[in-house]
Amino acid sequence: MRAYKIAYLGSDSEVSLALSGALKAAGMDFMSASGDYQGIRKAVDYNSDLLLWDLDTSDTGQPAPIEEIRKQGAARQGIVVVAREGDVEAAVKSLAAGAIDFVFKPVEEEDVAPRIIASLNSGQQRKRADYYRQVIEDTNNQVRGILSNLTDPAYIVSPQYQILYMNRAAEEIFGEGLRGGACHSVFYDRGDPCEVCQKSKGPTRWRSTLKNGKSYRFISALIRNPRGEVEKLAVGTDITPDEEVRKIHRTFISNVSHDLRTPLAAIDQYVSIMLDGLGGELTEDQKNYLDVIKRSSFRLHNLIENLIDANNILSGHFKLKMEVTTVNEILAIILGRLESQASGKGITLQVQIPDDVPQVYADKSRIAQVVANIAGNSIKFTEQGMIQIRAGFMPRDEGRVIVSVEDTGIGIPKEDLGKIFDLFYRVEKGEVYVEEGAGMGLAISRDIVRAHGGTLWAESMEGMGSAFHFTLPSYKAGQQAPHEKIGPRERGFG
Ligand code: ADP
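Residues numbered from 1 in each chain as written. Predicted model: local features only at pLDDT ≥ 70, side-chain atom pairs only at ≥ 80, totals over all residues.

### Observations concerning the overall build of the protein chain
Each helix and strand in the protein chain was counted, giving 14 helices and 19 strands. Taken against the 2.2 N^0.38 rule, which gives 23 Å for 494 residues, the C-alpha radius of gyration of the protein chain at 36 Å runs more than 25% over that of a compact globule. Across its three principal axes, the protein chain shows a C-alpha extent of roughly 125 × 50 × 50 Å. Within the span of the protein chain, comprising 494 residues, buried residues form 31% of the whole. (Helix = DSSP H or I, 4+ residues; strand = E, 2+ residues; numbered from the N terminus. Rg over C-alpha atoms; globule rule 2.2 N^0.38 Å. Buried ≥ 20, exposed ≤ 12 C-beta atoms within 10 Å, placed from the backbone.)

### As for the packing of helix α12 (residues 364–380) against helix α14 (residues 441–451)
Across the interface, α12 lies against α14 with an axial gap of 9 Å and an inter-helix angle of 145 degrees. α14 is crossed by α12, and the crossing has left-handed handedness. Residue-level inspection shows Arg366, Gln369, Val370, Asn373, Ile374 and Asn377 of α12 in contact with α14, the latter providing Gly441, Leu442, Ser445, Ile448 and Val449. The class makeup of the residues in the contact of α12 with α14 is five nonpolar, five polar and one charged. (Axes fitted to C-alpha atoms, helices over the stretch in contact; angles between N-to-C directions. Left-handed = near helix turned anticlockwise from the far one by under 90°. Contact = placed C-beta atoms within 7 Å. Nonpolar A, V, L, I, M, F, W, Y, C, P; charged D, E, K, R; others polar.)

### Quick look at the confidence of the model for the protein chain
Predicted coordinates in regions of low pLDDT should not be interpreted in detail. Chain-level statistics for the protein chain give a pLDDT mean of 86 and a share of 93% at 70 or above. Below a pLDDT of 50 lies the segment residues 487–494, which in the model reaches 27 contacts outside its immediate sequence neighbourhood of four places, other chains included. (pLDDT = per-residue confidence, 0-100.)

### Considerations on the environment of Pro241
Within the secondary structure layout, Pro241 lies in the loop between β10 (230–238) and α9 (243–275). Look at Pro241 and you get partly exposed, because 16 C-beta atoms sit within 10 Å.

### Some thoughts on unusual backbone geometry
With omega at -10 degrees, the peptide bond leading from Lys105 into Pro106 counts as cis. Phi at Asn47 takes a positive value of approximately 65 degrees, unusual for a residue other than glycine. By the element assignment, Asn47 lies in the loop between α2 (37–45) and β3 (50–54). We note that Tyr161 has phi near 65 degrees; this positive angle belongs to a residue other than glycine. Along the chain, Tyr161 turns up in the loop between β6 (154–157) and β7 (163–166). The class for Tyr161 is partly exposed, based on 18 C-beta atoms found within 10 Å.

### Notes on the site of the ligand
The ligand sits among 20 residues. The nearest are Asn377, Val427, Gly437, Gly441 and Leu442. Elements represented by at least two residues in the shell around the ligand include exactly α12 and α14. By residue class, the composition of the shell around the ligand is 10 nonpolar, eight polar and two charged. (Near = placed C-beta within 6 Å.)

### Quick look at the sheet that holds strand β15 (residues 386–394)
Remark on secondary structure: sheet strands pair via backbone hydrogen bonds, oriented parallel or antiparallel. Across the sheet, five strands lie side by side as β13-β15-β16-β18-β17; this open sheet has mixed pairing. Strands at the two margins of the open sheet, each flanked by one partner only, are β13 (348–352) and β17 (456–461). Averaged over all adjacent pairs, the angle separating strand axes in this sheet is 15 degrees, with direction ignored. Strand direction decides the pairing type here: β13 and β15, joined by five bridges, are parallel. Within β15, the residue paired with Thr348 across the bridge is Met386. The strands that helix α11 (residues 327–344) touches are β13, β15 and β16 (400–407); relative to β13, the one it contacts most, it runs at about 170 degrees. (Pairing = 2+ DSSP bridges.)

### Section: the pairing of strand β2 (residues 29–33)
With five bridges connecting them, strand β1 (residues 5–9) and β2 associate as parallel partners. Bridge assignment links Leu9 to a residue of β2, and that residue is Ala33.

### As for the domain arrangement of the protein chain
What the domain assignment lists for the protein chain is domain 1 (5–136), domain 2 (150–238), domain 3 (243–315) and domain 4 (318–486). Spacing between the C-alpha centres of domain 3 and domain 4 amounts to 25 Å. Listed as interface residues are seven residues of domain 3 and, on the opposing side, 10 residues of domain 4. Residue classes in the side of domain 3 that touches domain 4 are distributed as three nonpolar, two polar and two charged. (Domains from an automatic or database assignment.)

### Concerning the environment of Gly177
As for its position among the elements, Gly177 is in the loop between α6 (168–174) and α7 (183–188). Judged by the 8 C-beta atoms lying within 10 Å of it, Gly177 is exposed. Between the C-alpha atoms of Gly177 and Tyr165, which are 12 residues apart in sequence, the distance is 10.0 Å.

### Observations concerning helix α5 (residues 109–148)
Given a rise of 1.5 Å per residue, 40 residues ought to cover 58 Å, and the 58 Å separating the end C-alpha atoms of α5 matches this to within 8%. Burial in α5 covers these residues: Val112, Ile116, Ser119, Gly123 and Leu147. Buried residues along α5 sit in contact with β1, α1 (13–25), β3, β4 (78–83), β5 (101–104) and β6. (Expected span 1.5 Å × (residues − 1).)

### Some points on the nonpolar core
In terms of nonpolar packing, the biggest core is built from 45 residues, with Val371 and Ala375 touching the most fellow members. A domain-level breakdown of this core finds at least three residues from each of domain 3 (243–315) and domain 4 (318–486). In this view, Ala375 contacts Leu338, Ile387, Ile389 and Val405; residues no more than four positions away in its chain are not counted. Within the second largest apolar cluster, 36 residues are counted, among which are Val15, Leu50, Trp53 and Val82. (Core = buried A, V, L, I, M, F, W, Y, C linked by C-beta atoms within 7 Å.)

### Let's talk about α1
Across its 13 residues, α1 extends 18 Å between first and last C-alpha, which sits within 8% of the 18 Å expected from 1.5 Å per residue. Within the span of α1, buried status applies to Val15, Ser16, Ala18, Leu19, Ala22 and Leu23. With its buried residues spanning 165 degrees around the axis, α1 presents them on a single face. In this structure, α1 carries Ser13, Glu14 and Ala25 as exposed residues pointing more than 90 degrees from its buried face. Looking at the buried side of α1, the elements it contacts are β1, β2, β3, β4 and α5. Where α1 terminates, the next one or two residues include Gly27, which has phi positive at roughly 85 degrees. (Arc of directions from axis to C-beta.)

Written as structure tokens, this is what we have:
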């Protein structure tokens, strides 16, 4: 085994003599050279493992010029400073600059060898740590190199949910220059972290529909950065059904839903005729049975209309009739119906629209449909208390009108909150399950709001109630809608 080589760089002959005696006695090789760049070169050529830098070679009281020593070629050696007796300040400053230890003059032969051995040891450990850090950095760079060429989106986030890296495919979906933003807000328009991040600290799989309308299966892994922090790497695979399959789905749904309309209209008509007594006298029981049929056929009618709507959005046959209007005008279309639904359940419906809420440029009946959907849900999922519909103005982002519907109902479990806007998603847990509905209203509503250039989101606490909010850009003279036509969306059914 080769002996450790120690170099002293300085001009103090007493120190040099003491070191020489102590280190040679401990089986180490020793050399001494001047405390300047020439000395450093000699120590490097000598292949020394440790440099002892005498602070007397620099200005007294100054720390060792570690950076400079390293630049002169002593990149891998541990550096120990030899300071004047009691010059604690210079010793400490040298440590802060990167020295691994210090010895004070006068150097005592019997004390110095164990100190040097300890320094060699810590120098080795540091070298090992540097090596692993380098390996991690190289691996991370390789991973990023591979990710940048993927055609599927990939990103890396910090434990604080900050985006650290997005590959080109992800930037094409979400936009460039988003590094540093919170992943839940950039990817999913959410104010708080998604369930996936909240629940699982380890590798995870999940599915998501992204802003480009496509569905992805994500898989995430934990990676360590050179500072030792754990980051999350996620890679998505596009699982959107291809155009041929989507076309078959759309045609099927369109045909079935239109075919269902005709017999349903007949059922409705004949039930009404019978209830009006035109088919003969009815007993109370018969009237009750017919009432049940009428209510069920009304639900079926709503379901079919929603299916046709959703299908139209997917196939791009969904036009908006834009006009300058107000939140009050929009609410007027549906308020009567909502009020009678609410009073039927003994719930108060409150509406507060301040006079100074600006006009919007919108398709009145489509936005009314959005309010009817979310307020209808609020009524459906609230047994007592009240529903409040409010509007306000947010001057941020060139001015937005915000409409909120708040209820005191059953609320939405945290793990479902991010999914309720997915097509066909319903919270189906014990008493939370309500028979009516097929999980389409919110998906359709979000598409309608997005087509107006707005956002729809929800806040909720299980057992406490929910609040749904959507924004619309406030009207500016000469404004055009961002998308006068919705779709075609690439999101498939099922
Ligand atoms: P649905 O026709 O089933 O109501 P939606 O898309 O409108 O479909 O809503 C999806 C699901 O979100 C509902 O089935 C329900 O579980 C949940 N949800 C929506 N609004 C509320 C609310 N105000 N309170 C509690 N749960 C709600």
